[in-house]
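Close look at the chain arrangement
If you want the building blocks of each chain, they are given just below.
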Amino acid sequence: MLILRLLVLLLLPVSVQAAVIETNEWDAGSLTRAHWESNGAPTLDAATDTPSGGNALKITCNAGTFTTGHSCGRIKYKISEVGTFTELYVGHWMKWSSNWVWHPIGTKIDYMFMRDVANVAGNKDNFLVMISRTYGDNLVFTQQLWNAPGTQNRFTNIASFIPQLDRWYWIEYHVRLNTVGVADGLLEIWVDDVLKMQHSDVTYRTTNTPIGYFEHSLEYGGGGTVTIPSMYQWHDHTVFSTTRIGLPGGTPPPTDTTPPTAPTSLVAQ
């Protein structure tokens with residue numbers, strides 16, 4: 001009877017839930033919680049309308065004229081302190097203030113760096129997600145490598161995403177690192193649970209190293225001259241997971257309901 005019960009359990013459909021590594025709701029103490037550190041003075045904002053309630057992370061670009069790229073502030077999550085990952089899902093809400101002025105080259109949203117801190121010509125292996133006016137205010141993924149093939153841009157090849165101001169969006173991206181020396185890394189990006197970008201030829205790293213850390217990093221520009229008012233970018237409900245996260249409060253992503261193969265080598269005693 002015990003063997004038969006085990007067989008029944010093995011044959012039942014299995015629902016695999018998201019293996020969440022970290023969720024930061026940006027409540028009190030979030031800026032200094034374990035594995036997080038910040039610079040550029042990001043703040044917690046209780047006044048804006050947050051999708052999940054409570055505070056949101058607020059990064060301020062102060063008014064002024066800037067002739068090169070300008071860092072408005074960042075907060076870093078040290079992924080390598082909580083595990084070794086070569087594949088990861090990242091999701092969070094994001095919003096830009098109603099007076100936002102897009103930089104003529106690009107406005108960075110997030111960065112992710114490899115754990116290997118090898119630094120040649122001031123450039124570590126990393127990638128970033130940004131909105132680029134150069135490419136029509138659309139979503140752009142950029143890999144920045146300290147070895148060949150160097151910097152490359154990838155675009156929304158499934159559907160475009162041109163954001164509106166003063167509106168919350170849920171962005172989620174799936175990263176699977178490449179085999180060293182082979183351009184076989186995977187990138188997928190969803191906005192409001194709709195797939196916008198999918199590339200399977202990405203080079204994330206040039207050394208055999210896992211993901212090191214993630215940054216909500218508002219980098220304004222990368223060249224050119226621009227004059228801006230004081231303006232803001234918000235993030236909320238930041239999640240790291242080893243499986244799909246899905247739109248919070250919406251329809252969850254599909255789960256694996258394929259039954260396992262029935263065992264053929266069990267012998268009842």
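Here the structure is a predicted model, which is why all the values come from computation and not from measurement. (Residues numbered from 1 in each chain as written. Predicted model: local features only at pLDDT ≥ 70, side-chain atom pairs only at ≥ 80, totals over all residues. Heavy atoms only, no water.)

**Some thoughts on the overall build of the protein chain**
- When helices and strands are counted, the protein chain shows one helix and 17 strands.
- Sorting the 269 residues of the protein chain into buried and exposed places 46% on the buried side.
- When contacts within the protein chain are restricted to residue pairs at least 6 apart in sequence, long-range pairs at least 24 apart make up 71% of them.
- Accessible surface for the protein chain amounts to roughly 12,400 Å². Of this, 54% is attributable to carbon and sulfur atoms. (Helix = DSSP H or I, 4+ residues; strand = E, 2+ residues; numbered from the N terminus. Buried < 20%, exposed > 50% of the residue type's maximum accessible area, 1.4 Å probe, protein only. Contact = heavy atoms within 4.5 Å. Areas by Shrake-Rupley, 256 points an atom, 1.4 Å probe, with all protein chains shown as cover.)

**Here we look at the nonpolar core**
- Membership of the largest hydrophobic core comes to 46 residues, with the highest contact counts inside it found for Met112, Leu139 and Tyr173.
- Grouped together as the second largest cluster of nonpolar side chains are nine residues, Ala56, Tyr89, Trp93 and Trp170 included. (Core = buried A, V, L, I, M, F, W, Y, C linked by side-chain atoms within 4.5 Å.)

**Section: the environment of threonine 156**
- Inspection of the secondary structure puts threonine 156 in the loop between β11 (152-155) and β12 (169-176).
- For threonine 156, a relative accessible area of 16% puts it in the buried group.
- A C-alpha to C-alpha distance of 8.6 Å links threonine 156 and phenylalanine 141, two positions 15 residues apart in sequence.
- Excluding residues within four positions of it along the chain, threonine 156 makes contact with Asn138, Leu139, Phe161, Lys196 and Met197.

**What about the packing of aromatic side chains?**
- Enumeration over the complete set of coordinates arrives at 18 aromatic pairs.
- Between the aromatic rings of tryptophan 36 and phenylalanine 240, the centroid separation amounts to 6.2 Å while the plane-to-plane angle is 50 degrees, which identifies the pairing as tilted. Placement of tryptophan 36 in strand β2 (residues 36-39) and of phenylalanine 240 in strand β17 (residues 231-241) is noted, with a sequence separation of 204 residues between them. Phenylalanine 240 matches tryptophan 36 in its accessibility class, with the two residues each being buried. (Phe/Tyr/Trp six-rings, centres within 6.5 Å; stacked < 30°, edge-to-face > 60°.)

**With respect to the environment of proline 229**
- With respect to the helices and strands, proline 229 occurs in the loop between β16 (226-228) and β17.
- Given a relative accessible area of 31%, proline 229 falls into the partly exposed group.
- Taking the C-alpha atoms as reference points, proline 229 and valine 101, 128 residues apart in sequence, are found 8.2 Å from one another.
- Once residues within four sequence positions are removed from consideration, proline 229 is found in contact with Cys61, Asn62, Ala63, Asn99 and Val101.

**Brief notes about the side chain of lysine 108**
- Considering the arrangement of structural elements, one finds lysine 108 in strand β8 (residues 107-114).
- Comment: no salt bridge for buried lysine 108; closest opposite-charge side chain is glutamate 219, at 7.1 Å.
- Apart from the residues within four sequence positions on either side, lysine 108 is in contact with Leu128, Val129, Met130, Ser217, Leu218, Glu219, Gly221, Gly222 and Gln233. (Lys, Arg positive; Asp, Glu negative; His and termini not counted. Salt bridge = Lys/Arg side-chain N within 4 Å of Asp/Glu carboxyl O.)

**Side note on the sheet that holds β8**
- A sheet is described by the order of its strands in space; here seven strands give the open sequence β2-β6-β15-β8-β9-β10-β11, paired in antiparallel fashion. Each edge of the open sheet carries a strand with a single partner, namely β2 and β11. Recorded for the sheet is a direction-independent mean angle of 20 degrees between the axes of neighbouring strands.
- One ladder, built from four bridges, connects strand β10 (residues 138-144) with β11; its direction is antiparallel. (Pairing = 2+ DSSP bridges. Axes fitted to C-alpha atoms, helices over the stretch in contact; angles between N-to-C directions.)

**Section: the pattern of salt bridges**
- Scanning the entire structure with this criterion turns up 13 salt bridges.
- Residue glutamate 219 pairs with arginine 74 through a salt bridge whose shortest N-O separation is 2.4 Å. Highlighted residues: glutamate 219 in strand β15 (residues 211-220) and arginine 74 in strand β6 (residues 70-77), separated in sequence by 145 residues.
- With a relative accessible area of 21%, arginine 74 lands in the partly exposed category.
- Among the charged side chains, a network of salt bridges with common partners joins Glu37, Lys76, Lys78 and Glu81.

**Description of the side chain of aspartate 110**
- Looking at where aspartate 110 falls in the secondary structure, it is placed in strand β8.
- Despite being buried, aspartate 110 has no salt bridge partner; arginine 74 is the closest side chain of opposite charge, sitting 10 Å away.
- Discounting residues that sit within four places of it in the chain, aspartate 110 has contacts with His92, Phe127, Leu128, Val129, Tyr173, Phe214, Glu215, His216, Ser217 and His235.

**So, the confidence of the model for the protein chain**
- Counting all residues, the mean pLDDT for the protein chain is 84, and 83% of those residues have values of 70 or more.
- Overall, residues 1-18 carries pLDDT values under 50, and its contacts beyond four positions in sequence, including any with other chains, amount to 19 contacts.
- Contacts for the low-pLDDT stretch residues 254-269, under 50 throughout, to residues beyond four places or in other chains number 15 contacts. (pLDDT = per-residue confidence, 0-100.)

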